[in-house]
Amino acid sequence: MSAMAKINAEENKMTKNDDHKVELLNNYLGNKAIALCVTGGIAAIETPKIARQLRRYGAEVKVYLTGAAQQFIGKSALEWGTGQSIVTELSGLAEHLCREDAVLVAPATTNTINKIFSGIADNPVTTLVASALGQGKPVYLAPCMHESLYNNPFLQENLTRAESYGLKIIPPRFGEGKAKIARLETIVAGLSHDLSEDPLRGKKILVTAGPTPVKIDAVRKITNKFRGTLGKFIAQEAYLRGAEVKLLLGETGMPVPEYLDVQYHSDFDQYYQNVFSALAEQKYDFGIFSAAVADFKPKEVYAGKFPSEEELHLDFEHTPKVIREVRERFPELY
């Protein structure tokens with residue numbers, strides 16, 4: 001049996017192991033092969049989770065490790081996470097020639113990022129990235145380092161040039177003096193969004209969600225119980241399928257994924273303004289209106305705080321019908 005046949009047989013054996021299986025949550029990355037390149041940052045300990053989450057969305061994941069990365073994460077953990085053998089050095093099998101659809105370097109250290117921009121190919125990760133760029137394949141960098149290293153002028157200059165080289169930066173989170181690797185859901189969502197082959201890919205969608213309170217006075221409002229959960233899930237689904245999404249959401253304190261473009265409204269008047277400002281600023285293919293829109297509002301709003309010892313009598317009037325007005329002013333919007 002040839003060396004390549006032995007490797008394939010071993011990988012097939014690993015893939016069939018039930019312990020390596022993951023629950024398929026969706027197929028946004030179906031039929032996609034992702035090269036997960038791990039470098040020597042402490043966030044390397046998170047990479048088995050990244051690998052398994054990519055697989056939960058349909059991807060096949062192959063891991064490439066630098067020598068420094070092996071000080072933080074062992075091969076066994078990543079073999080378990082991917083169900084495949086791990087590349088730690090290059091051989092005559094030409095592991096450096098990128099056969100995957102996309103490359104994700106996570107974590108990406110200062111050293112590795114600057115090497116990539118200098119064209120250096122001296123380990124399995126930098127050589128694979130060089131091959132991927134030479135083939136025009138997408139390469140994603142998820143920086144992770146001390147904040148002083150992130151602010152290094154050489155690194156910052158390189159990051160500003162990323163797009164021109166076909167590199168995409170997945171921005172880090174900042175805290176405790178560190179540029180921390182992006183959250184797991186943000187990394188996986190970014191790849192799902194970019195690599196999707198869904199019919200929604202590239203479509204521009206406006207989604208409205210949540211309550212649209214009406215003011216009584218400077219501190220009191222009338223509202224309903226809706227939080228905007230439906231609209232949030234619609235926006236997430238559209239984004240993961242590759243759409244460019246803007247979510248107009250009522251302020252309820254509901255957590256929203258950081259990868260979504262969200263604009264908040266605190267009352268009906270602000271909601272109304274946000275809808276028509278968004279539609280005027282950009283041409284959208286679709287509008288999905290799931291906001292709980294107020295039908296009535298007080299005819300007059302008390303300027304300050306209405307005295308609590310006085311009787312309050314309110315006269316109401318109809319609010320403008322937003323969807324009707326949208327159809328009149330933007331007839332091409334589906």
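Just above, that's the structure.
First things first, this report covers the structure right here in the doc. Per chain, the residues get numbers from 1 upward, laid out in the order the sequence is written. In view of the model being predicted, local features appear only for residues whose pLDDT reaches at least 70, and side-chain atom pairs are presented and counted only at 80 or more, with totals across whole chains, interfaces and linings using the full set of residues. Just so you know, side-chain values use all the structure's heavy atoms and leave hydrogens and water out.

1. Regarding the pairing of strand β1 (residues 33–38)
Then comes step 1: A large share of β1 lies buried, amounting to six of its six residues.
Then comes step 2: Relative accessibility decides the category of a residue: with a 1.4 Å probe and only protein chains considered, values under 20% of the type maximum give buried, values over 50% give exposed, and everything between is partly exposed. Secondary structure elements are defined from DSSP: runs of H or I of at least 4 residues count as helices, runs of E of at least 2 residues count as strands, and each element is numbered from the N terminus. Residues of β1 alternate between two faces, with A33, A35 and C37 on one and I34, L36 and V38 on the opposite face, all of them buried.
Then comes step 3: For crossovers, right-handed means that the path from the first strand over the helix to the second runs clockwise, given strands pointing away from the viewer. Once you follow β1 into helix α2 (residues 47–56) and on to strand β2 (residues 60–65), the crossover reads as right-handed.
Then comes step 4: Two strands pair if DSSP finds at least two bridges between them. Bridging between β1 and strand β3 (residues 102–108) involves four bridges; their strand directions are parallel.

2. A closer look at a nonpolar patch on the surface
Then comes step 1: Only residues above 30% relative accessible area that lack a salt bridge enter a patch, with like-charged residues linked at up to 9 Å and the nonpolar side chains Val, Leu, Ile, Met, Phe, Trp and Tyr linked at up to 5 Å. Every accessible area reported is derived by Shrake-Rupley at a probe size of 1.4 Å, with residue values counting cover from the shown protein chains alone. Should a side-chain nitrogen of Lys or Arg be within 4 Å of a carboxyl oxygen of Asp or Glu, the pair is scored as a salt bridge. A grouping of I42, I45 and F72 is seen on the molecular surface, where their side chains present a nonpolar patch of about 270 Å² in accessible area.
Then comes step 2: Checked against the element boundaries, F72 lands in the loop between β2 and α3 (75–82).
Then comes step 3: Taking relative accessible area as the criterion, F72 reaches 33% and is therefore assigned partly exposed.

3. Some points on the packing of aromatic side chains
Then comes step 1: Here is the rule: rings of Phe, Tyr and Trp (six-membered ring for Trp) pair when centre to centre is within 6.5 Å. Planes less than 30 degrees apart are stacked, more than 60 are edge-to-face, and the remainder are tilted. The tally for this structure, following the rule as stated, stands at eight aromatic pairs.
Then comes step 2: With centroids separated by 5.6 Å and ring planes inclined at 90°, the aromatic side chains of F286 and Y334 adopt a geometry described as edge-to-face. Of this pair, F286 sits in strand β14 (residues 286–289) while Y334 sits in the segment after α11 (322–329), and the two are 48 residues apart along the sequence.
Then comes step 3: Note on Y334: relative accessible area 72%, which makes it exposed.
Then comes step 4: The structure contains a cluster of three or more aromatic residues connected by ring pairs, namely F268, Y272 and F276.
Then comes step 5: When the ring centre of W80 is taken as origin, the NZ or CZ atom of R52, which lies over that ring, is 4.0 Å away.
Then comes step 6: Charge over a ring is defined by NZ of Lys or CZ of Arg lying within 6 Å of the ring centre and within 35 degrees of the ring normal. The ring of F233 carries the charged tip of K232 above its face, separated from the ring centre by 5.1 Å.

4. Quick look at the pattern of salt bridges
Then comes step 1: Under the definition given, this model contains 14 salt bridges.
Then comes step 2: Between K32 and E197 there is a salt bridge, and its shortest N-O distance comes to 2.7 Å. Placement of K32 in the loop between α1 (3–15) and β1 and of E197 in the loop between α8 (184–195) and β9 (204–209) is noted, with a sequence separation of 165 residues between them.
Then comes step 3: Look at E197 and you get exposed, because its relative accessible area is 66%.
Then comes step 4: Where D122 meets K115, a salt bridge forms, and the shortest distance between an N and an O atom there is 2.7 Å.

5. Notes on α3
Then comes step 1: Looking only at α3, the buried set comprises L78, G81 and T82. Mapping the buried residues of α3 onto a view down its axis gives an arc of 85°, with all of them on the same face.
Then comes step 2: Where α3 ends, the next residue or the one after it, G83, has phi of about 75°, a positive value. Read the arc as the range of directions from the helix axis to the C-beta atoms.

6. Some words on the packing of helix α10 (residues 268–281) against α11
Then comes step 1: Each axis is a line fitted through C-alpha atoms, and for a helix only the stretch in contact is used; angles between axes span 0 to 180 degrees, taken between their N-to-C directions. Relative orientation of the contacting elements α10 and α11 amounts to 20°, with a least axis distance of 11 Å. Accordingly, the angle class assigned to the pair α10 and α11 is roughly parallel. Between α10 and α11 the crossing geometry is right-handed. Residues F268, Y271, Y272, V275, F276 and L279 of α10 lie in contact with α11, whose contacting residues are V322, E325, V326 and R329. Orientation labels follow simple angle bins: below 35 degrees gives roughly parallel, above 145 gives roughly antiparallel, 65 to 115 gives roughly perpendicular, and whatever is left gives oblique. Crossing handedness is defined as follows: a turn of the near helix away from the far one that is anticlockwise and smaller than a right angle gives a left-handed crossing, while the clockwise case is right-handed. Contacts were defined at the residue level, with two residues in contact if any of their heavy atoms lie within 4.5 Å.

Purely spatial values, then, with no claim about function.
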